[in-house]
Amino acid sequence: MRKKFLTCLLVIGLCAATASAQFGFGGIVYDPTNYVNAVLRYHQLLQHLVQLKQTYQQIVNQYNLALQMAQNLHNMPARYRAQFSQWRNLSALDNYGNTSGWVNGANSGQTQTVLAGYQKATTQLGTYDANALSGMTADELNRVESQYASVELADGANTTALAALGSIRANTRMLENQLDNLEQDSLSGDANLNTEVSVLNKINASNVLTLRSIQDSNKLLASLLEQQTVAAKQQREMTANAINADISRRASLLRNMSQVTGTLTGSLQNFRMP
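Below or above, wherever it landed, is the structure these notes cover. The shown structure was predicted, so the numbers you read here are calculated from the model rather than taken from an experiment.

Here is what the cut-offs are and how they apply
Residues numbered from 1 in each chain as written. Predicted model: local features only at pLDDT ≥ 70, side-chain atom pairs only at ≥ 80, totals over all residues. Heavy atoms only, no water. Helix = DSSP H or I, 4+ residues; strand = E, 2+ residues; numbered from the N terminus. Polar contact = N/O pair within 3.5 Å; in protein donor to acceptor, adjacent residues only side chain to side chain. Core = buried A, V, L, I, M, F, W, Y, C linked by side-chain atoms within 4.5 Å. Buried < 20%, exposed > 50% of the residue type's maximum accessible area, 1.4 Å probe, protein only. Contact = heavy atoms within 4.5 Å. Patch = residues over 30% accessible without salt bridge, like charges linked within 9 Å, V, L, I, M, F, W, Y side chains within 5 Å. Areas by Shrake-Rupley, 256 points an atom, 1.4 Å probe, with all protein chains shown as cover. Salt bridge = Lys/Arg side-chain N within 4 Å of Asp/Glu carboxyl O.

1. Examining the environment of Gln 47
Point 1. Within the secondary structure, Gln 47 sits in helix 2 (residues 32–69).
Point 2. A polar contact is formed between the side chain of Gln 47 and the side chain of His 43, at a distance of 3.0 Å.

Okay, here's the thing in structure tokens:
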């Protein structure tokens, strides 16, 4: 109806404008052109008002949504805080004074402490005399060197695993403090800790701590893989030595049988009845 009314007014104004530029009623001068312009301006103002109301409503909706999204859960610590088991250091009896170094190395991760404690708690590997080595056959020497390498590799894998485990244990207290700080900030109702930037920072900190934990897990897995590799090498040596011994035994048996057969044939051929 409003549009039809405005259209009629415009038509009337245009018709009046074509008929006469100005005319008066009782001393009041009426200009049809100004009237048409005024009607057009009024129509534009109505359109601006409608647009302004729509913009206002959109801003109010966005504000209400932002206000709703900014609401915190009440009493988050009581709802979500949980207790977890604590890391414990290695402990062992030391009746003969040869386990404390191992325990200290497994709890501290210091390389020298780990090496000294490991050597004191394990049987030391002796060395062959040069004359004994020179008196061995090639197969015997190869077998001895391979077994010696297995023990040395096992020692290296064990000390590496102890150092990695000790390093993780040594950093546990600091890591627990960082996790406690992150938990407190995440469960806090402080508005300054729940802004968009603060939440993003806490998410980034959580991701970094997760990556660090994954790295520690990878270190332990690598140590376990090294030990399994050394164990597989030892198993291979046992199998290879058994196969080589069987090969050598069969070769010796064939040679011995040939000698026995040749000697027996010659004896039978040369045998004469008295």
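2. Topic: the nonpolar core
Point 1. Ala 106, Val 114, Tyr 118, Leu 162 and Ala 163 together form the largest nonpolar core, which totals five residues.
Point 2. When contributions to this core are tallied by element, the ones reaching two or more residues are helix 5 (111–121) and helix 7 (138–170).
Point 3. In contact with Leu 162, not counting residues within four places along its chain, are Trp 102, Gly 105, Ala 106, Val 114 and Tyr 118.

3. What about unusual backbone geometry?
Point 1. Phi is positive for Asn 75, which is not a glycine, with a value near 55 degrees.
Point 2. Here Asn 75 lies in the loop between helix 2 and helix 3 (76–80).
Point 3. You can call Asn 75 exposed: its relative accessible area is 53%.

4. Section: a nonpolar patch on the surface
Point 1. Residues Val 199, Leu 200 and Ile 203 make up a contiguous nonpolar surface patch of roughly 230 Å² in combined accessible area.
Point 2. By the element assignment, Val 199 lies in helix 9 (residues 196–270).
Point 3. Here Val 199 falls in the partly exposed class, since its relative accessible area comes to 33%.

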